[in-house]
Amino acid sequence: MESSATMSLKSPPLPSSSSSLFSTSFTQNPKPKCLSFAHKPRAFKCIQSPPPGPEKKPFTCSAVTFPPSRSLTEIHVSSKLNRLISEFQSLPEPIDRVKRLLHYAALLPELDPSAKVDSNRVMGCTAQVWLQAELGSDGKMRFFADSDSEISRGFCSCLVWVLDGAAPEEVMKITTEELGEMNVGVVGKERSRVNTWHNVLITMQKKTKALVAEREGKTPPFEPFPSLVVTADGIEAKGSYAEAQVRYLFPDESKVEELVSVLKEKKIGVVAHFYMDPQVQGVLTAAQKQWPHIHISDSLVMADSAVKMAKAGCKYITVLGVDFMSENVRAILDQAGFGDVGVYRMSSERIGCSLADAAATPSYMNYLESASKSPPSLHVIYINTSLETKAYTHELVPTITCTSSNVVQTILQAFSQVPDLNIWYGPDSYMGANIKELFQQMTKMADEEIAEIHPAHNRDSIRSLLPHLHFYQDGTCIVHHLFGHEVVEKINEMYCDAFLTAHLEVPGEMFSLAMEAKRRGMGVVGSTQNILDFINQRVQEALDRDVNDHLQFVLGTESGMVTAIVAAVHRLLASGKSSSGGAKIKVEIVFPVSSDSMTITSPNSSVSMGDIILPVIPGVASGEGCSIHGGCASCPYMKMNTLSSLLKVCHQMPDEKNIIAAYEAERFKLQTPNGKSVADVGCEPILHMRHFQSTKQLPEKLVHQIYHPYSSGKSMTIT
């Protein structure tokens, strides 16, 4: 297949507002000879701007050309890119830049209909965009593109002009940051415009890598991650790990009936975390249709849901999560006046959490001892910590809890209310580093963009807060720790054009990758709920477009999230099918599993993560399983919440013979060093956060505590 365009060449002026990249002079040539096509292009016309006013430069379609002795393919890619950047930057008005794109759209040959297939679709573009790539016998790349949007065709036309005929290594050198200098867009739509540039480029580079590897006879460096493909008609599993997951999306009806029966009979509410075992989530999701007092969410909402269930008449609450979650539910119910409602965990043994454990150490208390000596100080503690830790730290340094979805706003608001504040975040080291990096990136944003994030801030204020932001250096979530270099390398190689999702707790490598995707509209970094909302939004947008589409999402968090995501996506697709019945949309949920993971099945097997010893989750067939080098991101603690435990606890209520006494979430009877109730003091940082969420302000009580911290002189020690 020949190159899509061969440019005629004339001696050039430099790019200006009255010139364009292509050799086309409509005033001199009635039939321009700027392009010759392997197939007939669509007809086009030059679009003229209004006559130039006193401050406007004229817009014409005269051409930037190159010396006859050189062909375009011989001109260095960076040189062509610089010409393109200069041209668009010379057009000050957005409408002129759009008109120039429309001009180039007319010069792009139509793609053969046989090439307009799913495998050639560019993901993430609002319009339909197709890209075909070939590696010529001369070792040069050939690109062919098309779109059902004239604006997107213009982007494709420019990128094809820059990269068609380039060597593979030249294609790979171009960065999305360079394309950001094009300054193309119209008011209110700049982001979607820039996204098209970036997404087409990323797809060009992905196809280039694949073609080079194929020509060199290299097998793909990685096996694909397992995934679940969701359509309106059903779910397809790719890979044995995915098959193991999908098995529980269609639960045993007898188990569902058994659970619903006992929940109704004994008025039991169920709150469960997103990271729950797929078998349990499958049963709970099905049971929700018959019993409304079942709620699956992130940790923040679990206690709120328990209060609503108690108000609705539930006598017991079962908590499917780790111990700090059941502690929070117990304490919040007591605060709300429901002390008579029983709260039960799912194991007679401790259900731990590596993050909560990291904060319950002498090292963390030493970190806060330093904070207490640097007033005014505020301790921002992640919600995923024990009530006891919250109480002890609050008496040492005024404390507010946060979640991954509100931590950035909490910090920004705190700095806006208390000048010269020192903020001490903990215990998640990855999240702390990512927050600091996020603020570093904000210093490069325009003040208007920063104001959209928080109206009280600009670049100067962000720069001034950075030296006052501290984070704990030795706390890690064992699940998100899995998203290290191996997983990132594989995603970058095979899924760079997919939608990327990442929890704010992931290591910096994964954070940076997802943040880059977020900048071009292809990613989200945040909480589990943020990830679910992002996927739902993109699926709904595809439904609204009503065209065939294939959306691919990489799940950068605990694999237990897949159950809630698949259920939500399937509901959306099913409703879309019933309302339109037209387009066929596939949504692929990809979750990382290392191809060389451990497949240890011994129940006594374990791995070490620093000072923490963890059981290994048995792998499944084909070598897919969990690995500390980038495995299935499955929390072993969460998987202690089994369906059999849930049924056992429910059937034993009321526990008149104390058979499940070890499962009950007990109240804290301890006192803080200042002689107050651990439960009361531990709840206060949570209530501070509740106030902030409802008013967008730190409560006056907390601000007073920051300026007048506890001064009892008693040291908080945890052994």
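Located above this text is the structure these notes cover.
Just so we're clear, the structure is a prediction, and the values are computed from it rather than from any experiment.

Overview of the overall build of the chain
Here comes step 1: Summing up its helical and strand segments, the chain has 25 helices and 22 strands in all.
Here comes step 2: By the burial criterion, 57% of the 719 residues in the chain qualify as buried.
Here comes step 3: Pairs at least 24 residues apart make up 74% of the contacts formed inside the chain by residues separated by at least 6 positions.
Here comes step 4: On the chain, roughly 30,000 Å² of surface is accessible, and the fraction owed to carbon and sulfur atoms is 51%.

A closer look at the pattern of salt bridges
Here comes step 1: Under the criterion given, the structure shown has 16 salt bridges.
Here comes step 2: Asp 497 is the salt-bridge partner of Lys 206, the closest N and O atoms lying 2.9 Å from each other. With Lys 206 in helix H6 (residues 190-215) and Asp 497 in the loop between helix H19 (485-494) and strand E17 (499-503), this residue pair connects regions lying 291 residues apart in the sequence.
Here comes step 3: Beyond isolated ion pairs, a larger network of salt bridges with shared partners links Lys 116, Asp 146 and Arg 153.

Looking at the pairing of strand E11 (residues 316-320)
Here comes step 1: Buried residues dominate E11, accounting for five of its five residues.
Here comes step 2: Burial of the side chains of E11 extends over both faces: Tyr 316, Thr 318 and Leu 320 are buried on one face and Ile 317 and Val 319 on the other.
Here comes step 3: Of the pairings in the sheet, the one linking strand E9 (residues 268-273) to E11 comprises five bridges and is parallel in character. Paired with Val 270 across the bridge in E11 is Thr 318.
Here comes step 4: With three bridges connecting them, E11 and strand E12 (residues 342-344) associate as parallel partners. Opposite Ile 317, over in E12, you have Val 343 as the bridge partner.

Digging into the environment of Lys 267
Here comes step 1: Inspection of the secondary structure puts Lys 267 in the loop between helix H8 (253-266) and E9.
Here comes step 2: Assessed through its relative accessible area of 42%, Lys 267 is described here as partly exposed.
Here comes step 3: When the C-alpha atoms of Lys 267 and Ala 310 are compared, they prove to be 9.6 Å apart, with 43 residues separating the residues in sequence.
Here comes step 4: When sequence neighbours within four positions are dropped, the list of residues in contact with Lys 267 reads Trp 291, Gly 313, Cys 314, Lys 315 and Tyr 316.

A closer look at the environment of Met 515
Here comes step 1: Within the fold, Met 515 resides in helix H20 (residues 508-519).
Here comes step 2: For the pair Met 515 and Ala 502, spaced 13 residues apart in sequence, the C-alpha to C-alpha distance is 8.7 Å.
Here comes step 3: Once residues lying within four places of it in the same chain are set aside, the contact partners of Met 515 are Leu 438, Gln 441 and Val 525.

Brief notes about the packing of helix H10 (residues 299-311) against helix H11 (residues 323-335)
Here comes step 1: The N-to-C vectors of H10 and H11 enclose an angle of 40 degrees; their axes lie 9 Å apart at closest approach. Between H10 and H11, the angle falls in the class oblique. The two elements H10 and H11 meet at a crossing, and its hand is right-handed. Taken together, the residues of H11 that come into contact with H10 (itself represented by Ser 299, Met 302, Ala 303, Ala 306, Val 307 and Ala 310) are Phe 324, Met 325, Asn 328, Val 329, Ile 332 and Leu 333.
Here comes step 2: Per-class residue counts for the contact of H10 with H11 are 10 nonpolar, two polar and no charged.

Describing the sheet that holds strand E16 (residues 469-471)
Through backbone hydrogen bonds, the strands of a sheet pair up, either in parallel or in antiparallel fashion.
Here comes step 1: Strand order in this open sheet of four strands is E14-E13-E15-E16, and the pairing throughout is parallel. Two strands in the sheet have a free side with no partner beyond their single neighbour: strand E14 (399-402) and E16. Pairs of neighbouring strands in the sheet enclose a mean axial angle of 25 degrees, with direction left out of account.
Here comes step 2: In terms of strand pairing, strand E13 (residues 377-382) meets E14 through four bridges, oriented parallel. Counterpart to His 379 in the pairing with E14 is Thr 399.
Here comes step 3: This element, helix H16 (residues 429-442), spans E13, strand E15 (422-426) and E16 of the sheet and lies at about 155 degrees to E16.

Details of the layout of surface pockets
Here comes step 1: Estimates place the volume of the second largest pocket at around 810 Å³.
Here comes step 2: Contributing to the lining of the second largest pocket are 32 residues, with Lys 206, Ala 210, Glu 493, Met 494 and Asp 497 lying nearest its centre.
Here comes step 3: Elements with a minimum of two residues in the lining of the second largest pocket: H6, H19 and strand E19 (549-556).
Here comes step 4: Sorting elements by how many residues they give to the lining of the second largest pocket places H6 first, with eight residues.
Here comes step 5: A breakdown of the residues in the lining of the second largest pocket according to their chemical character gives 12 nonpolar, seven polar and 13 charged.

Brief notes about the side chain of Ser 386
Here comes step 1: As for its position among the elements, Ser 386 is in the loop between E13 and helix H14 (387-396).
Here comes step 2: Judged by relative accessible area, Ser 386 falls into the buried class, the value being 14%.
Here comes step 3: Beyond its immediate chain neighbours, meaning those up to four positions away, Ser 386 contacts Phe 324, Glu 327 and Ala 356.

Topic: helix H24 (residues 678-695)
Residues separated by three or four positions in an α-helix point in the same direction, a consequence of the helix having 3.6 residues per turn.
Here comes step 1: In this model H24 runs 26 Å from its N-terminal to its C-terminal C-alpha over 18 residues, within 8% of the 26 Å that 1.5 Å per residue would give.
Here comes step 2: The largest bend in H24 amounts to roughly 30 degrees and is located at Glu 684, with the proline Pro 685 lying one to four residues further along.
Here comes step 3: Of all the positions in H24, only Val 678, Ala 679, Val 681, Gly 682, Cys 683, Glu 684, Pro 685, Ile 686, His 688, Met 689 and Phe 692 are classed as buried.
Here comes step 4: Close packing links the buried residues of H24 with H10, H11, H14, E14, helix H15 (407-417) and helix H25 (700-707).
Here comes step 5: The N-cap residue of H24 is Ser 677: its side-chain oxygen and the backbone nitrogen of Ala 679 are 3.2 Å apart.
Here comes step 6: Once H24 ends, the next one or two residues include Lys 696, with phi positive near 65 degrees.

About the criteria used
Residues numbered from 1 in each chain as written. Predicted model: local features only at pLDDT ≥ 70, side-chain atom pairs only at ≥ 80, totals over all residues. Heavy atoms only, no water. Helix = DSSP H or I, 4+ residues; strand = E, 2+ residues; numbered from the N terminus. Buried < 20%, exposed > 50% of the residue type's maximum accessible area, 1.4 Å probe, protein only. Contact = heavy atoms within 4.5 Å. Areas by Shrake-Rupley, 256 points an atom, 1.4 Å probe, with all protein chains shown as cover. Salt bridge = Lys/Arg side-chain N within 4 Å of Asp/Glu carboxyl O. Pairing = 2+ DSSP bridges. Axes fitted to C-alpha atoms, helices over the stretch in contact; angles between N-to-C directions. Parallel < 35°, antiparallel > 145°, perpendicular 65-115°, else oblique. Left-handed = near helix turned anticlockwise from the far one by under 90°. Nonpolar A, V, L, I, M, F, W, Y, C, P; charged D, E, K, R; others polar. 1 Å grid on protein atoms, 1.4 Å probe; cavity = no way out; pocket = protein on both sides within 12 Å on 5 of 7 lines; lining within 4 Å. Points joined across faces, edges and corners; volume = space filled by probe spheres on them. Expected span 1.5 Å × (residues − 1). Bend = angle between axes of the 7 residues up to and from the residue. Polar contact = N/O pair within 3.5 Å; in protein donor to acceptor, adjacent residues only side chain to side chain.

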